[in-house]
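Commentary on secondary and tertiary structure
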Amino acid sequence: PVLQAFKRARIPLTHVGVLVQETGNSKPLIAWQADRPMNPASTMKLVTTFAGLEALGPTYTWKTEVYRTGVQRGDVLQGNLIIKGYGDPKLSLERFWLLLRDLRQRGIREIRGDLVLDHGYFAVEDPFPVSFDGAPFRLYNTIPTALLLNFKSIQVQVLPKGKGLVQVVTDPRPAQIEVLNQLTPTRGPCRMRNSKFGVRFYSDAASARITASGAYPLACGKAVYEASLLSHAQYVYGVFRQLWGELGGQLQGGLREGPVPSGAERLALSESPTVVEVVRDINKDSNNLMARQLFLTLGAEIQGPPASPAKAFDGIQGWFYKRGVDTEGLVMENGSGLSRMEQIATSALGRMLLYAYASPVMPEFIASLPLVGVDGTMRKRLRYTPLKGRAHIKTGSLRGVKAIAGYVLNRFGRMTVVVCIINHPNAAAGTVAQDALLRFVYDGADPGPSRVVYGARP
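All values derive from a computational prediction rather than experimental measurement.

Each helix and strand in the protein chain was counted, giving ten helices and 23 strands. Computed over C-alpha atoms, the radius of gyration of the protein chain comes to 25 Å, within 12% of the 23 Å expected from 2.2 N^0.38 for 458 residues, which places it in the range of a compact globule. Principal-axis analysis of the C-alpha atoms places the extent of the protein chain at approximately 80 × 60 × 35 Å. Out of the 458 residues belonging to the protein chain, those deemed buried represent 54%. Considering only residue pairs separated by 6 or more positions, the protein chain has 70% of its internal contacts joining residues 24 or more positions apart. Element-wise, carbon and sulfur atoms account for 51% of the exposed surface of the protein chain, whose accessible area totals about 19900 Å². Here the protein chain contributes 54 positive and 36 negative side-chain charges, whose respective centroids are spaced 9 Å apart.

Direction vectors running N to C along helix α5 (residues 275-285) and helix α6 (residues 288-303) enclose 140°, while the axes themselves pass 8 Å from each other. On the basis of the axis angle, α5 is oblique to α6. In terms of crossing hand, the pair formed by α5 and α6 is left-handed. Residue-level inspection shows Val275, Val278, Val279, Asp281 and Ile282 of α5 in contact with α6, the latter providing Met290, Ala291 and Leu294.

This part covers the packing of aromatic side chains. Per the counting criterion, the structure on display carries ten aromatic pairs. Ring geometry for phenylalanine 50 and phenylalanine 320: centres 6.3 Å apart, planes at 20°, overall stacked. Taken together, the positions of phenylalanine 50 in helix α2 (residues 45-56) and phenylalanine 320 in helix α7 (residues 309-322) put the pair 270 residues apart, joining distant regions of the chain. Residue phenylalanine 320 is classed as buried on the basis of its relative accessible area of 1%. A ring pair is formed by tyrosine 357 and tyrosine 407, whose centres lie 5.9 Å apart and whose planes are at 35°; its orientation type is tilted. Of this pair, tyrosine 357 sits in helix α8 (residues 346-357) while tyrosine 407 sits in strand β21 (residues 401-409), and the two are 50 residues apart along the sequence. In this arrangement the basic side chain of lysine 84 is found over the ring face of tyrosine 86, its NZ or CZ atom lying 5.0 Å from the centre. Positioned above the aromatic ring of tryptophan 319, the side-chain terminus of arginine 323 is 3.2 Å from the ring centre.

Here we take up the state of the cysteines. Among covalent bonds in proteins, the disulfide is the one between the sulfur atoms of two cysteines. Summed over all chains, the structure comprises one disulfide. Between cysteine 190 and cysteine 220 runs a disulfide, and the two sulfur atoms are separated by 2.0 Å. Here the disulfide of cysteine 190 and cysteine 220 is right-handed, its torsion about the S-S bond being about 100°. Taken together, the positions of cysteine 190 in the loop between β12 (177-186) and β13 (196-203) and cysteine 220 in the loop between β14 (208-217) and β15 (223-228) put the pair 30 residues apart, joining distant regions of the chain. For cysteine 220, a relative accessible area of 14% corresponds to the buried category.

Bringing the environment of methionine 44 into the picture now. With respect to the helices and strands, the residue methionine 44 is situated in the loop between β3 (37-38) and α2. Among the residues examined, methionine 44 registers a relative accessible area of 1% and is labelled buried. Measuring from C-alpha to C-alpha, the distance between methionine 44 and glycine 337 comes to 5.1 Å, with 293 residues separating the pair along the chain. Once residues lying within four places of it in the same chain are set aside, the contact partners of methionine 44 are Leu330, Val331, Met332, Gly335, Gly337, Glu342, Gln343 and Ile344.

In this section: the environment of glutamine 176. On the secondary structure map, glutamine 176 appears in the loop between β11 (165-171) and β12. Sequence spacing of glutamine 176 and glycine 376 is 200 residues, and the spatial spacing of their C-alpha atoms is 35 Å. In this structure glutamine 176 touches Ala206, Ser207, Ala208, Leu230, Gln234, Tyr237 and Gly238, once residues within four positions along its chain are discounted.

Turning next to the sheet that holds β13. Strands sit in the order β12-β14-β13 across an open sheet of three strands; the sheet is mixed. Sheet topology places β12 and β13 at the edges, where each strand pairs with a single neighbour. When strand polarity is set aside, the average angle formed by the axes of neighbouring strands in this sheet is 5°. Note: β13 against β14, eight bridges, orientation antiparallel. Bridge assignment links valine 199 to a residue of β14, and that residue is alanine 212.

The biggest cluster of nonpolar side chains holds 48 residues, and the ones touching the most others in it are Leu81, Phe96, Leu229 and Phe240. If you tally residues by element for this core, the top one is helix α4 (residues 232-246), at eight residues. One finds Ala31, Ile316, Phe320 and Leu330 within the second-largest nonpolar core, a separate group that totals 47 residues.

Here the amide bond leading from aspartate 171 into proline 172 is cis, since omega sits at -5°, within 30 degrees of zero. Here the residue pair proline 305 and proline 306 is connected by a cis peptide bond, since its omega of -5° sits within 30 degrees of zero. Looking at the element boundaries, proline 306 is found in the loop between α6 and α7.

What follows is about the confidence of the model for the protein chain. Taken residue by residue, the protein chain gives an average pLDDT of 92. The fraction at 70 or more is 94%. The secondary-structure element of the protein chain with the lowest mean pLDDT is strand β23 (residues 453-454), recorded at 44, while strand β7 (residues 81-85) shows the highest, at 98. The model gives residues 447-458 a pLDDT under 50, and that stretch makes 21 contacts with residues more than four places away or in other chains.

Before going further, it helps to spend a moment on helix α10 (residues 431-443). Because an α-helix completes one turn every 3.6 residues, residues spaced three or four positions apart along the sequence face the same direction. The end-to-end C-alpha separation of α10 is 18 Å, in line with the 18 Å expected for 13 residues at 1.5 Å each. Residues of α10 that are buried include every one of Ala433, Gln434, Asp435, Ala436, Leu437, Leu438, Phe440, Val441 and Tyr442, and no others. For α10, the elements touching its buried residues are α1 (2-8), β1 (16-22), β2 (30-32), β20 (391-398), β21 and β22 (415-423). One or two steps after α10, the chain reaches glycine 444, where phi turns positive at roughly 70°.

Each value, and the rule that gives it
- Residues numbered from 1 in each chain as written.
- Predicted model: local features only at pLDDT ≥ 70, side-chain atom pairs only at ≥ 80, totals over all residues.
- Heavy atoms only, no water.
- Helix = DSSP H or I, 4+ residues; strand = E, 2+ residues; numbered from the N terminus.
- Rg over C-alpha atoms; globule rule 2.2 N^0.38 Å.
- Buried < 20%, exposed > 50% of the residue type's maximum accessible area, 1.4 Å probe, protein only.
- Contact = heavy atoms within 4.5 Å.
- Areas by Shrake-Rupley, 256 points an atom, 1.4 Å probe, with all protein chains shown as cover.
- Lys, Arg positive; Asp, Glu negative; His and termini not counted.
- Charge placed at Lys NZ, Arg CZ, Asp CG, Glu CD.
- Axes fitted to C-alpha atoms, helices over the stretch in contact; angles between N-to-C directions.
- Parallel < 35°, antiparallel > 145°, perpendicular 65-115°, else oblique.
- Left-handed = near helix turned anticlockwise from the far one by under 90°.
- Phe/Tyr/Trp six-rings, centres within 6.5 Å; stacked < 30°, edge-to-face > 60°.
- Lys NZ or Arg CZ within 6 Å of the ring centre and 35° of its normal.
- Disulfide = S-S within 2.5 Å.
- Pairing = 2+ DSSP bridges.
- Core = buried A, V, L, I, M, F, W, Y, C linked by side-chain atoms within 4.5 Å.
- pLDDT = per-residue confidence, 0-100.
- Expected span 1.5 Å × (residues − 1).

This is the structure in structure tokens:
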């Protein structure tokens, strides 16, 4: 049935790599083109997240620090306020607000100097716009940074109001962003797909514009959009000014970027959730930006700051080499799989999964993967089959790439590693074949000596 599904999808087997191996066995049940390096799409996150759990430890947290220069006289800071980031992938608006509230509780109301941002823990430039696929304002295209706030996200809400009015609001609302509401409210049924309105974005490093125009059906209610706008530094600066003002504070100076000066006094500290929680978010929902933050963190922690993608790759490769895990053919550009350069062989990914199954962090790692038919990127697949809730599978998709990798607990109670990567223009049609493979593995059919397939490189 698996072969027939590939045939119906018009995907030649020369463009497919498969590895199926029970965790207690030394040899695979199926190995087809297993040593051929292929683009794994988001299944590359398995390499990054497992390395993160083992190398950093499950209780690792990221810090964001606030310093001051000068002196505080009464409620006035006669100096600069410095914020230093260490790559926190989950610094939300709420946590940032609590950090600023901590400063207000220390008696600071007015800052006479500048806001200084230190993001030197990562050696990553912040060009803008940047795009993997021609969509520079999508959140997944956001470049990582050591001081990442709220994924650099601007949420745009179109809100119908009374008396036939439509309001456009943003959250947060940095002053550098201009909102132009050119919507015309209309009566009648909501046909969102056929509606004649749109929300367009323009942004450079220092300013942005959001334009909502066209006829908006009031019956559609609220509509929500998200976009990544401004540079990281301008975003943090704009959000700081907004939240600091809401807390009753004043900032007299402007924005500067640079390291924390010697002699600066630390005022406050915010710690992220543990790496276990971050890894779960990365794998369940396939969060590219959080994966890239973790990837660079590994570079800084293993190789020393400032982190670069090259340092991160060398650090991860060296980590696996010291533990005897063969990652031959592994190429990592950003650790998220959102890349045309990244490669790994199905055998190498399978060996890592087998090693992870014997690791002390195995429960945390497996629990981070989408549960088939239940949650994450697998919640809608195989929901009405015996596989529901019995397999943890990470998915990966790019144009021309379709991949799955993870663990299946078969009907006989044996845990099996499954990896299947498709690199072909028709890859998107390969979902049915990959689901058929998962069902085949769950059924626990013993291929027998005559059915074991070992594929060499074509």
